[in-house]
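# Structural overview for review
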Amino acid sequence: MQKLNQNLEVNMPKKLNVELIIKHLGIYRAFHASAVQFNSVIFRLIVGVLALISGISPTAVAIVTFIEFSLNGLLEVPLGYLADTLGRVPSIILGLMMYMSGLSCVYVALILNNQWSAYLFVAHGILIGLGKPFKSGSVEAFYQNALDLHCKNDSEKKLLLTSLTDSQRYGKFYVLISVTVAFFLSWIFNLLNALPHVFIVGISLYAVCIRILWKDYLIFGDIEKRKNNSSFKKVFKTILQNRKIKLSILYNFYFWMIGVVIAGYLLVSLGREHEGSEQWIFMLSFMYGWSAIGPIVRGYLLPHLIKRMSTKAYLITFCANIVVFSSIFLLLYQKVHFTFQALYLLFYGVIFHVSFSAFQNLSMNHLMEQIKKENYATALSIQNIPGFLGVGLYSLYLILFRSGAPTVHEAFISVLIFSLCYIFVIYYFEGNSKGIAENE
């Protein structure tokens, strides 16, 4: 401990302020998102679309998603509480190491390409399912707690309400670079008949995430690594009695459900319904819109809008965006030239990503605003449970009745209907609750 304290003194910046912490939060989240999207591209490309593992169909993506999110839903709370009690950073690092182990299983499965591949693939789903609860919520809890301790005035305290959105000003281009590299390397490795080896790069990116996090740990320390005097019962009681937290859980459920339909399965759906050059153009268009350009637009747009609009107007605006642009795509799909469809899909990916992020960040900030800092990771884990279980059940439905993925029309119709319902939910339940702009 004495050695750690000496390291903290050496690595501590002379001017540790709120803006610096938000910058570190943004850089880590951006790089982690880059690692996730890199691996998402190559996983869905190799397994879900090209189906390179013998005996495993695109249904495998749904099976892994079902295993992953079912375990997430079951383990979120106990592992979130463990992070609050024993330390957020060790918990995150353990989760990242499980991610690396899970990807290693896919890599070995592709190399072997025999009867053992299916078992390794299931092991991948289990390891990812175990890894996510260790780091889910703990990242935001670690940085948010550092913000809590360094807020010196009312102006800085207001930044706590929008810290996750404000942090997206940093690292805006990381995911763009990551997705570009993912497609380029997949193409190069495929030409060399060595496509499975691209997973080595994906595994290395998570190792870099550990390095970035450890460096920030030496700067900020794992401040809440002391004994947690709260209990599950107290945290649950706070959540059940707090209207704003219950709303944040509703919004969290929404973005997880629309996210799994579009970000999780659309790539596989497009791969099924198109062949050759059309297949690649559609996949590239959507992934660049969603994973690459979307984060850049989000980083410029959301920090400004969230401070100028009420919560109600902010959420309804982004929900309405999804309704309008999903409807337009349904009207255009397979009725105009595929090049125009691909360009629109690029635009839709951007709109969807920005709207998804608006709900994600606001719901998490609302929760942390209402919860004591020593319970951040636990509360964020509780918030995720409905969404994770919903994704798991939806994936089971796809396995049993849709051969692993919805059709493109089914995906957009489900998102359209779900978003219409949530416009009503937001309008009714937000009522007269004040947004950030009104509080200022």
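For clarity, every value in this text was computed on a predicted model and none was experimentally measured.

Analysis parameters
- Residues numbered from 1 in each chain as written.
- Predicted model: local features only at pLDDT ≥ 70, side-chain atom pairs only at ≥ 80, totals over all residues.
- Heavy atoms only, no water.
- Helix = DSSP H or I, 4+ residues; strand = E, 2+ residues; numbered from the N terminus.
- Buried < 20%, exposed > 50% of the residue type's maximum accessible area, 1.4 Å probe, protein only.
- Contact = heavy atoms within 4.5 Å.
- Areas by Shrake-Rupley, 256 points an atom, 1.4 Å probe, with all protein chains shown as cover.
- Core = buried A, V, L, I, M, F, W, Y, C linked by side-chain atoms within 4.5 Å.
- Axes fitted to C-alpha atoms, helices over the stretch in contact; angles between N-to-C directions.
- Parallel < 35°, antiparallel > 145°, perpendicular 65-115°, else oblique.
- Left-handed = near helix turned anticlockwise from the far one by under 90°.
- Nonpolar A, V, L, I, M, F, W, Y, C, P; charged D, E, K, R; others polar.
- Phe/Tyr/Trp six-rings, centres within 6.5 Å; stacked < 30°, edge-to-face > 60°.
- Lys NZ or Arg CZ within 6 Å of the ring centre and 35° of its normal.
- Expected span 1.5 Å × (residues − 1).
- Polar contact = N/O pair within 3.5 Å; in protein donor to acceptor, adjacent residues only side chain to side chain.
- pLDDT = per-residue confidence, 0-100.
- Patch = residues over 30% accessible without salt bridge, like charges linked within 9 Å, V, L, I, M, F, W, Y side chains within 5 Å.
- Salt bridge = Lys/Arg side-chain N within 4 Å of Asp/Glu carboxyl O.

Here we come to the overall build of the protein. Across its full length, the protein carries 19 helices and 0 strands. Going through the 440 residues of the protein one by one, you find that 58% of them count as buried. Sequence separation of 24 or more characterises 88% of the internal contacts of the protein that already satisfy a separation of 6 or more. Total accessible area on the protein stands at roughly 18,200 Å², and carbon and sulfur atoms take up 66% of it.

Another point: the nonpolar core. Membership of the largest hydrophobic core comes to 133 residues, with the highest contact counts inside it found for Leu266, Tyr314, Tyr348, Phe352 and Phe359. Among the elements that take part in this core, helix H16 (residues 338-370) stands out by supplying 14 residues, more than any other. Filtering out sequence-adjacent residues up to four positions away, tyrosine 314 remains in contact with Leu302, Leu305, Ile306, Met309, Ala358 and Leu362.

Turning our eyes to something else, we now look at the packing of helix H12 (residues 243-264) against helix H17 (residues 376-401). Relative to each other, H12 and H17 sit at 30°, their axes nearing to 8 Å. As the angle between them shows, H12 and H17 are arranged roughly parallel. In this structure, the crossing between H12 and H17 has a hand that is right-handed. On the side of H12, the interface is formed by Ser248, Ile249, Asn252, Phe253, Trp256, Met257, Val260 and Val261, while H17 contributes Gln383, Asn384, Pro386, Gly387, Phe388, Gly390, Val391 and Tyr394. Taken together, the residues of the contact of H12 with H17 break down into 10 nonpolar, 6 polar and no charged.

A few words now on the packing of aromatic side chains. Scanning all chains against the criterion turns up 36 aromatic pairs. Each ring, one from tyrosine 428 and one from phenylalanine 429, has its centre 5.0 Å from the other, and the planes form 90°; the classification is edge-to-face. In this structure tyrosine 428 comes out as exposed when scored by relative accessible area, which is 55%. Taking NZ or CZ as reference, lysine 135 lies 4.5 Å from the ring centre of tyrosine 99, over its face. Against the face of tyrosine 300 rests lysine 172, its NZ or CZ located 4.4 Å from the ring centre.

Note that threonine 378 resides in helix H17. As a C-alpha pair, threonine 378 and glycine 80 span 298 residues in sequence and 4.4 Å in three-dimensional space.

With 20 residues, helix H5 (residues 116-135) should cover 28 Å at 1.5 Å per step; its first-to-last C-alpha distance of 29 Å lies within 8% of that length. Those residues of H5 not exposed but buried are Ser117, Phe121, His124, Gly125, Ile128, Gly129, Gly131, Lys132, Pro133, Phe134 and Lys135. Positioned one or two residues after H5, glycine 137 has a phi angle of 85°, which is positive.

Within the fold, tryptophan 290 resides in helix H14 (residues 276-305). Of the residues examined, tryptophan 290 reaches a relative accessible area of 5% and is grouped as buried. Separated by 111 residues in sequence, tryptophan 290 and valine 179 have C-alpha atoms that sit 10.0 Å apart. Excluding residues within four positions of it along the chain, tryptophan 290 makes contact with Gln37, Ala263, Pro295, Gly349, Val350, Phe352, His353 and Phe356. In this structure the side chain of tryptophan 290 is engaged in a polar contact, spanning 3.5 Å, whose partner is the side chain of serine 291.

Below, the discussion takes up the side chain of asparagine 72. Mapped onto the elements, asparagine 72 comes out in helix H3 (residues 59-86). Not counting residues up to four positions away in its chain, the partners in contact with asparagine 72 are Ile128, Gly129, Lys132, Pro133 and Phe388.

Attention now goes to the confidence of the model for the protein. Of the residues in the protein, 87% reach a pLDDT of 70 or more, and the chain-wide mean stands at 82. Note that pLDDT drops below 50 for residues 1-14; the model gives that stretch 13 contacts with residues more than four away or on any other chain. pLDDT under 50 marks residues 435-440. Its contacts with residues more than four places away, or in other chains, come to 18 contacts.

A positive phi is found at glutamine 334, a non-glycine position, where the angle reads about 65°. Even without being glycine, serine 403 reaches a positive phi, approximately 55°. Tracing the backbone shows serine 403 in the loop between H17 and helix H18 (408-430).

A surface patch of nonpolar side chains, amounting to about 450 Å² of accessible area, comprises Val108, Leu112, Trp116 and Tyr119. Put simply, the parts of the chain that give the nonpolar patch at least two residues each are helix H4 (88-112) and H5. Looking at the element boundaries, valine 108 is found in helix H4. Overall, the relative accessible area of 36% leaves valine 108 in the partly exposed class.

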